[in-house]
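# Residue-level structural notes
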Amino acid sequence: MQKKYILETEKSFPSLTKGLKKVAGILLNDPIIFAIHPAKKIGEIIGVSETMVIRFCKAIGYEFSNLQEEIRNDLINVDFYYDDHNNINDCYENLNNDINLIKNNLLKINYEKIKEAAAIIMESNKIIVAGYYQSFTYAYWLYYHLNYILGNTVLYRPETDSRIIINSPESSCLVVFSFFRYATDPINLAKSAKEKGLHVIVVTDSAVSPITEFADTVIVINLGNRFSFFRIGMVALSIANMILYEISDKVKPEDPNFDSYHFVIKEGR
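Residues numbered from 1 in each chain as written. Predicted model: local features only at pLDDT ≥ 70, side-chain atom pairs only at ≥ 80, totals over all residues. Heavy atoms only, no water.

## Remarks on the packing of helix α4 (residues 39-46) against helix α5 (residues 50-59)
Taken N-terminus to C-terminus, the directions of α4 and α5 make an angle of 105°; their axes are 7 Å apart at the nearest point. The angle between the axes of α4 and α5 places the two elements in the roughly perpendicular class. For the pair α4 and α5, the contacting residues are Ala39, Lys40, Ile42 and Gly43 in the first and Glu50, Val53 and Ile54 in the second. (Axes fitted to C-alpha atoms, helices over the stretch in contact; angles between N-to-C directions. Helix = DSSP H or I, 4+ residues; strand = E, 2+ residues; numbered from the N terminus. Parallel < 35°, antiparallel > 145°, perpendicular 65-115°, else oblique. Contact = heavy atoms within 4.5 Å.)

## Points about unusual backbone geometry
A positive phi is found at Tyr133, a non-glycine position, where the angle reads about 55°. With respect to the helices, strands and loops of the structure, Tyr133 is situated in the loop between β1 (127-131) and α9 (135-149). What makes Tyr133 exposed here is its relative accessible area of 63%. (Buried < 20%, exposed > 50% of the residue type's maximum accessible area, 1.4 Å probe, protein only.)

## Looking at the packing of aromatic side chains
Enumeration over the complete set of coordinates arrives at 9 aromatic pairs. Where Tyr132 meets Tyr133, the ring centres are 6.2 Å apart and the plane angle is 55°; that geometry is what we call tilted. According to the relative accessible area criterion, Tyr132 is buried, its value standing at 13%. Among the aromatic side chains, those forming a connected cluster through ring pairs are Phe136, Tyr140, Tyr143, Tyr144 and Tyr148. (Phe/Tyr/Trp six-rings, centres within 6.5 Å; stacked < 30°, edge-to-face > 60°.)

## Some points on the confidence of the model for the protein chain
Taken residue by residue, the protein chain gives an average pLDDT of 85. The fraction at 70 or more is 85%. For residues 78-85, every residue scores under 50 in pLDDT, and the model assigns this stretch 10 contacts once sequence neighbours within four places are set aside. (pLDDT = per-residue confidence, 0-100.)

What follows is the structure, encoded as structure tokens:
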């Protein structure tokens, strides 16, 4: 079911001024901006005044603080598909939604950033991959396959790797996954890597998420206005695979690590 602020925005959109439509477009396409920034900063990001942002909120029946609170609550409520999603038609619908989400990202993803990330990874003497909480899954997937292809990849584990950035050569890179609600630890890790001189590659869900301040290469996935951890996973793993494909296509059979990417399957006796 669509959120109230989305419905009100869509209903009011035709009667909005050009400036207010600009604000509305951001809310519809990247609501995370409204969840994490004050009105003044949102205006700076969009290119309008703080007053324009507040006027937009009133136009759809909200005070800015109330709208922000509602968006934050929506973004942190994960839909686990209980009770109302328990028949075969719902399963097909959910799968179709995932397919459409990936198709939408195919249209919006910046392929040059994918190629840039792959090139930096291949040129690095050491690759550090990091992700906290649910993002650890995506980080592990990328780390596991990069280590097979290139052999110089480590998975960051905060309980044992507190000095990994300090001890890494400047020719290293950090690949970090960071999504709403933006855990502070990966942001601090990216900051440390940036200060050390490592190239920081970030996969995130908004061009203005807090971690982008410390990134050299930013790959943004698009979730529209239907945020959930499940939806992140579909696209985050697809992005990881795009990077892996880009790298594996450039690994030659004569490269020393090439053979390690093949498994030996023994026939049963």
